[in-house]
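# Architecture and fold: a report
Below, each chain spelled out in residue letters.
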Amino acid sequence: MVQSTPIRGFANTPVTKSICIISTITPLLLSILSIKYLVQLIIDPFIIEYHQFWRVITYQFAVINESDYLLIILLWFQFKVLERFYGSRKYLSIVTLFAIYNSITSLIIMSVGQLLVYYLSFVIKVWLFKYDPTTVHYQTTILNEIIPGPIGILSSLYICFGQNIPISYYFQILLKKPTNDESSKVLNLTNRFPIHIMYTLLLLNNGFKSIIPSLIGLFIGKLYCYDLLPGVSWLLSSTIYHLFINPIKKFTNWYVFIRQKFSNQTLPESRASEEPEDDLDESRQEENRIRAETPVRPLGSQFLDTFRT
Amino acid sequence: MFIFLSLPAGNEQPHSEKEREVLMDFQQSLLNSTNIISKLNYNDGYGNITGFQLSYKDSEEGKKAENWPFHEFNDERPFVEDEKFSILPNYVSNYIKNFWGNERNTPENAYLLNISGRADGEFKVDKEDKKIKGINLELPQYLKDYYSSIDQNPEKEVADKSINLTNGLVSISMRNRFHHENNTIIGIDLNLKDYQEIENHNFDLTGVYLPEWGSAIATSNSAKFYGSYGLSHLLMNDKNFNHVNNLILQWGNSINDRDITLDDLHSSILKSYEQCEVIMYIQLDKTKYSKEELHSIEEEISSPQGKPIPKQIPQIEVSNFIIYSPDCGILIKKNEDKSFVGKKSEVLNLEMKNVLTGILVLVSLQLFLIIRLIKHSNTPGSLSLISSKTLFLLSYQDMLIALLCLLLSTISYNLYLILASLATIAFICCGVFEMRFMVSVLSTQANERGTTWWEILRGATSAPPNDTGAIIPMTSAPEQPQVEPDIPQLPDSSYSNSIFSINLIFAIISIFMVFSSFNWRIKYRKIFEYIGLIFINSFWIPQFFRNTLKNRNHSFQWEFLIGTSLLRIIPICYFCLIESNPLRHRYDPKLAIVISTYLILQLFLLYLQFKLGARFWINEKFLPKQYDYHRIVTKSLLGELSINTDNSKAFEELTEYKTNCPICMNDDLIVPVWNKNDDKQEDLKKKLIHHKMNYMITPCNHLFHNECLESWMKYKLQCPVCRKSLPPI
């Protein structure tokens, strides 16, 4: 079988594996139980009228149409290189961080933006076109609804991918038969071009409903890469991480632990097996920290560091 | 397949000229009726509608419908609700006027906007009905002639159509058919039965619901009684006449009278012979919500968006109803002591969906357990312990679920997705995993074919008949290499095919039984439930006997045993103990307790086997002797072990026999030999006990290390040297 990514399958990328499984099962369940409406984020009426703020959390969990599903699964699959780059636990932390930032930013931009658009249109209509103020009513705009799914997270990861993962190879496609007198027309491509194409498709797949969260995600990714995002060094707790990558094993461990506690025995041996993984992760993270400290300091962080001290 | 192909298509074309003529006449009479009511006012009376020609009084006076009209109506002498003009006797219409359509909705408390749903209550037949006589409704002559021409056995008495009930259960399920200007044409399935469900009447009514008044009226339709066309005159007064008449006309326009097929004609003739005509008046209670609130609730439950709605979705609460049959002259009233309530169809749907989701979870858990079981017991040793009958019963249950869901998914529109996925998972569970597992179990146990359970109890397999063949003098090919007495190894596919087809046939037959049992009277249904549930829940019994046969106390994992039992008990308990279950199964704690105790008893038996040994319940004396792998080696046995006994002197003095084990090839296998003539018997016995666990002798007289053979027997119950089948330890 042709290997489309540098990493075979889900080798050593447990977080990506879990994400792909969850992203497959959740839409199926939503569709079977016909509860797709639980993951829709629409400002008016859900947020404004009904105050259903839980939608801000749920909307990134699942996509609700097939083409979106295909694109996000392929992108997650490509971005597993990032999981290798950061380390699994750090990667999960970053994804969580992006999810939080994206949902908060989206909510603010959508609700405030919609109000601003309304006031602007009100001002323009009343002052420039001399409308009767009583006839201008609040209307929903394109900022009212965005498509459910982890589009913002993937956009931020897309920036990280471009920033951190080196290009493996370039290749050219000749568009015309080369002649002697003039340079032939070629298309310069890198090994990343499928990612670019898939991302562009995802960006445009639902019109404004997907462009808005994508732009927000790109912005947050850029901030992250310039080290301007607070809480970058935050790490998810190890329990949640293990629960995420292998819930059955975690529960079995707990079960064994409780049983041994009741039968008054010494510490379970299974804990020991987890330790090296943690160490590995932490040492990798330490490495990352050193690497991040020493060489590259982009302009933004240099600028900001002068105020930090 | 044949049944499906030979079913009538439903839109049969008329075959003969006569049929076509009759059908045309019938269509024409319906069309005429539409024309008649389109011109009518309330004051004009029913008009010449089939079934409405004779008023109650006219019928009492013995007039004939052919001589219509009997009364002249005009604005000076208008039609009024009186038994002189109306088909309802005064006693009935006065009663109706008391409760029906008197109260308009108020801004705070509106009536339901949409009454599709199902409600249940109790009825009693009015004692006054002895005074009420039925109107003699006659089938039009052309239909009578037609019916006697197609009826194969005209001398057969028409089934007794009268309602002989005095009290019982009534249930109505309503659905919307057509909507116009707030008012709705509804279809009602009315069911009347007594408490024992011996007598059971079903009626298909069409009617009108007026949300403004919270009242509904419905009539049956047949070839002798065009109930729908008289609806607007059955309203008691003229205040809603125009709305209803309009509604009926609109509805009539939306369906084409020419679409009436021969089947419809036949069924309406049959109905007029076999059923009483009924007119039903229903009055609802007001809800506690306003019209706007009801509207938004309606919207949200029919297409959920996440809009916040009150927890208590309004129910269908019938405050009073009356059923009057003009031709049978029977009057049925509400039993005032019992409430008559029901749920809206969207709510019923939602409840059904929740139950199905629960079953989906249970089936998925079952699948998970099966996969774990298969992973766990993958060696022939463990497979030979498992009873295939247990697996068959389990997979039969899953197959039943899969087939039922598949069948229901084709007829249910709203629950299609969840039913289909339920069918898929149940099918994967039984058709893929359980079947595969059963095939591997059966092929492991193939060497038990043809042996009696007595032989299995002993632990040894009988010598296959091929073995003795050597004694019979055979001329041909005497020197053929001794092919091991073939275990009849059938290919796996033949197993799986036969198991699968048997399972499928059983499941299909049971589905037919289950569906027909819905129409049985309650006593028979109860017996069927008990027997059926006890039968399909006795899946651990075969395993109990299997354990006894094999003398093993642990076959399935406890996780699987307890998990599966729980998964099978939960739905039974739910339907028996929760009264408001959407399948409307009766409250029956006895059934739940019986089945749970039965399963727990089975588990307890298995537990006893686990603790006390598999054969704890059989006296040792009755048991045959098991094959002993640790036989004491005597001289004569050594001879059978095909050891060179030429050197008789050395042989005589032999006390220990040293050989190599064919599995590990180490030549440290030392077997003490018991010499009968030896004096130092006591010494040897000690030695024997010391050595006993060190070697094993197969029935085919081959020697192995204890550990070597045991580890081999986990994989195959065959002698590694001569490939004869081995009795399990």
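As the structure is a prediction and not an experimental result, all values here were calculated from the model. Here the residue numbers are simple positions, counted from 1 along each chain's written sequence. The order in which chains are written sets their letters, starting at A; the order in which ligands are written sets their numbers, starting at 1. A pLDDT threshold of at least 70 governs which residues receive local features in this predicted model, and a stricter bar of 80 or more applies before side-chain atom pairs are shown or counted, although totals over entire chains, interfaces and linings include all residues. The basis for every side-chain value is the complete set of heavy atoms in the structure, and neither hydrogens nor water enter the calculation.

### Some remarks on the overall build of chain A
- Helix and strand assignments follow DSSP, with helices taken as H or I runs no shorter than four residues and strands as E runs no shorter than two, numbered in order from the N terminus. Across its full length, chain A carries 13 helices and four strands.
- The buried label applies to any residue whose accessible area, calculated with a 1.4 Å probe on protein chains only, is under 20% of its type's maximum; exposed applies above 50%, and partly exposed to all values in between. Across the 309 residues in chain A, those meeting the buried criterion constitute 38%.
- Considering only intrachain contacts with a sequence separation of at least 6, the fraction spanning at least 24 residues in chain A is 74%. Working rule for contacts: check all heavy atoms of both residues, and any pair within 4.5 Å makes them a contact.

### Here's the deal with the overall build of chain B
- Each helix and strand counted, chain B has 24 helices and 14 strands in total.
- Per-residue burial over chain B gives 47% buried out of 729 residues.
- Of the contacts formed within chain B by residues at least 6 apart in sequence, a portion of 74% connects residues at least 24 apart.
- Surface accessibility in these figures is a Shrake-Rupley result with a 1.4 Å probe; residues are shielded only by whichever protein chains are displayed. Surface summary for chain B: the accessible area is close to 37,900 Å², and the carbon and sulfur share equals 57%.

### Considering the UniProt feature "transmembrane region" (unreviewed entry) in chain A
Residues and elements named next belong to chain A.
- UniProt's entry tags residues 20–39, 59–79, 91–120, 151–175, 196–220 and 226–245 with the feature "transmembrane region" (unreviewed entry), counted in the numbering of this structure.
- Here residues 20–39 runs as 65% helix and 0% strand, with 18 Å between its end C-alpha atoms.
- Spanning residues 59–79, this segment combines 62% helix with 0% strand, and its end C-alpha atoms are found 21 Å apart. UniProt positions are given in the numbering used here, feature names are shortened, and annotations may be inferred rather than shown by experiment.

### A word on the interface of chain B and chain A
- Listed by partner, the interface residues are 11 residues for chain B and 10 residues for chain A.
- Approximately 940 Å² of surface area, both sides summed, lies buried where chain B meets chain A, with 66% of it carried by carbon and sulfur atoms.
- Salt bridges are defined as contacts in which a side-chain nitrogen from Lys or Arg sits within 4 Å of a carboxyl oxygen from Asp or Glu. Linking chain B with chain A are zero salt bridges, by the criterion used here.
- Counting of polar contacts relies on pairs of N or O atoms within 3.5 Å, with two restrictions inside protein: one atom must be capable of donating a hydrogen and the other of accepting it, and residues adjacent in sequence are counted only when both atoms are side-chain atoms. The tally of links between chain B and chain A comes to four residue pairs in polar contact (both at pLDDT 80 or more).
- Every element with two or more residues in the side of chain B that touches chain A is listed here: α10 (345–376) and α13 (416–444) of chain B.
- The residue inventory of the side of chain B that touches chain A, partitioned by class, reads five nonpolar, four polar and two charged. Put simply, buried area is how much 1.4 Å-probe accessible surface two parts lose in total, over both of them, once they are put together. Side-chain classes follow a simple rule in which Ala, Val, Leu, Ile, Met, Phe, Trp, Tyr, Cys and Pro form the nonpolar group, Asp, Glu, Lys and Arg form the charged group, and the remainder, Gly included, forms the polar group.

### Concerning the nonpolar core
- Judged by nonpolar contacts, the single largest core of 57 residues is most densely connected at B:I87, B:L88, B:L234, B:L265 and B:Y281.
- In this structure, B:L234 is in contact with B:Y46, B:F52, B:I87, B:L88, B:I217, B:T219, B:I279 and B:Y281, ignoring residues within four places of it in sequence.
- Here, nonpolar core means buried Ala, Val, Leu, Ile, Met, Phe, Trp, Tyr and Cys residues that are tied together by side-chain atoms lying within 4.5 Å of each other. With 53 residues, the next largest nonpolar core counts A:Y59, A:V63, A:M110 and A:I165 among its residues.

### A few points about the state of the cysteines
Residues and elements named next belong to chain B.
- By definition, disulfides here are pairs of cysteine sulfur atoms that lie within 2.5 Å. Scanning all chains against the criterion turns up one disulfide over all chains.
- Bridging C276 to C328, the disulfide has an S-S length of 1.9 Å. Disulfide C276-C328: torsion about the S-S bond near -95°, hence left-handed. Placement of the pair is C276 in the loop between α8 (262–274) and β7 (279–284) and C328 in the loop between β8 (316–325) and β9 (330–334), with a sequence separation of 52 residues.
- Residue classification places C328 among the partly exposed residues on the basis of a relative accessible area of 25%.
- Here C573 is not disulfide-linked; the sulfur of C576 is the nearest cysteine sulfur, at 7.1 Å.
- Not part of a disulfide, C700 finds its nearest cysteine sulfur in C722, a span of 3.5 Å.
- Here C700 falls in the buried class, since its relative accessible area comes to 16%.

### Let's talk about the packing of aromatic side chains
All names here are of chain B.
- Aromatic rings from Phe, Tyr and Trp, with only the six-membered ring used for Trp, were paired whenever their centres fell within 6.5 Å, and each pair was classed as stacked if the ring planes differed by under 30 degrees, edge-to-face if by over 60, and tilted otherwise. Under the defined criterion, the tally for this structure stands at 41 aromatic pairs over all chains.
- A ring pair is formed by W100 and Y281, whose centres lie 5.1 Å apart and whose planes are at 85°; its orientation type is edge-to-face. Separated by 181 residues along the polypeptide, W100 in the loop between α4 (90–99) and β1 (117–125) and Y281 in strand β7 bring together distant segments of the chain. Neither W100 nor Y281 differs from the other in exposure class; each is buried.
- Pairing F427 with F500 gives two aromatic rings, centres 6.1 Å apart and planes at 90°, and the pair type is edge-to-face. Of this pair, F427 sits in helix α13 while F500 sits in helix α16 (residues 492–517), and the two are 73 residues apart along the sequence.
- Linked through ring pairs, Y42, Y46, F52, F73, F79, F85, F225 and F241 together constitute an aromatic cluster.

### Some details on the pairing of strand β3 (residues 183–193) of chain B
Residue and element names in this part refer to chain B.
- With respect to burial, β3 is a largely interior element, 10 of its 11 residues being buried.
- Here strand β2 (residues 167–180) runs beside β3; their pairing, made up of 11 bridges, is antiparallel. Bridging across to β3, L169 finds its partner in K193.
- DSSP calls a pair of strands paired once it identifies at least 2 bridges connecting them. The hairpin formed by β2 and β3 contains two residues between the paired strands, and E181 there has a positive phi angle of roughly 50°.
- As paired elements, β3 and strand β4 (residues 200–210) share 10 bridges and run antiparallel to each other. Its bridge partner lying in β4, K193 is registered against N200.
- Linkage of β3 to β4, two consecutive antiparallel strands, is achieved through a turn of six residues, within which E197 is found at a positive phi near 60°.

### Here we look at the confidence of the model for chain B
Residues and elements named next belong to chain B.
- Mean pLDDT for chain B: 81, with 83% of residues reaching 70 or above.
- Across the chain, each position has a pLDDT score giving the predictor's confidence in that residue, from 0 to 100. In the model, residues 460–489 has pLDDT below 50 throughout and makes 23 contacts with residues more than four positions away in sequence or in other chains.
- Across the interface, the model reports ipTM at 0.77; the global pTM reads 0.79.

### Section: a nonpolar patch on the surface
- Nonpolar side chains collect at one region of the surface, where A:L120, A:V123, A:I124, A:W127, A:L128, A:F129 and A:Y131 lie side by side and expose about 790 Å² of accessible area between them.
- Relative to the helices and strands, A:L120 is located in helix α6 (residues 88–128). A residue counts toward a patch only above 30% relative accessible area and without a salt bridge, and it is joined to like-charged neighbours within 9 Å or, for Val, Leu, Ile, Met, Phe, Trp and Tyr, to nonpolar neighbours within 5 Å.

### Thoughts on unusual backbone geometry
- Note that the residue after A:D44, namely A:P45, is joined by a cis bond; omega there is 15°.
- On the secondary structure map, A:P45 appears in helix α2 (residues 43–47).
- Positive phi, normally seen in glycine, also occurs at B:N701, with a value near 65°.
- Following the sequence through the fold, B:N701 ends up in the loop between β13 (695–697) and β14 (703–705).
- Residue B:N701 is classed as buried on the basis of its relative accessible area of 16%.

### Some details on helix α7 (residues 151–164) of chain A
All names here are of chain A.
- In this model, α7 (14 residues) spans 20 Å end to end at C-alpha, consistent with the 20 Å of a helix rising 1.5 Å per residue.
- Most of α7 sits out of view: 11 of its 14 residues are buried.
- For α7, the full list of buried residues reads I151, G152, I153, L154, S155, S156, L157, Y158, I159, C160 and F161.
- Residues of α7 that are buried sit in contact with α4 (66–78), α5 (80–86), α6, α8 (193–204) and α9 (208–225). Helix span is expected to be 1.5 Å times the residue number reduced by one.

### Looking at the side chain of B:T548
- Within the secondary structure, B:T548 sits in helix α18 (residues 540–550).
- Side chain to side chain, B:T548 and B:Q609 meet in a polar contact 3.1 Å long.

### Looking at the UniProt feature "transmembrane region" (unreviewed entry) in chain B
Residue and element names in this part refer to chain B.
- Within this structure's numbering, the places UniProt gives as "transmembrane region" (unreviewed entry) are residues 354–374, 415–439, 495–515, 527–545, 557–578 and 590–610.
- Regarding residues 415–439, the helix share stands at 96% and the strand share at 0%, and the terminal C-alpha atoms are separated by 34 Å.
- In the segment residues 495–515, helix accounts for 100% and strand for 0%; the C-alpha atoms at its two ends are 30 Å apart.

### Looking at the confidence of the model for chain A
- Chain-level pLDDT for chain A is 84 on average; 85% of the residues reach the 70-or-more range.
- Confidence over residues 267–276 of chain A falls short of pLDDT 50; this stretch has nine contacts with residues more than four positions distant or in other chains.

### Some points on the packing of α7(A) against α8(A)
Residues and elements named next belong to chain A.
- Following both chains from N to C, one finds α7 and α8 inclined at 150°, their axes separated by 11 Å at the closest point. Looking at the two axes, α7 sits roughly antiparallel to α8. The way α7 lies across α8 gives a crossing that is left-handed. Residues I151, L154, S155, Y158 and F161 of α7 form the contact with α8, whose participating residues are I195, H196, Y199 and L202.
- Here the contact of α7 with α8 is built from residues that sort into seven nonpolar, two polar and no charged. To obtain an axis, a line is fitted to C-alpha atoms, over the contacting stretch when the element is a helix, and the angle between two such axes runs from 0 to 180 degrees between their N-to-C directions. Here the angle decides the label: under 35 degrees means roughly parallel, over 145 means roughly antiparallel, 65 to 115 means roughly perpendicular, and every other value means oblique. For any pair of crossing helices, the crossing counts as left-handed if the nearer helix is rotated counterclockwise from the farther one by less than a right angle, and right-handed if it is rotated clockwise.

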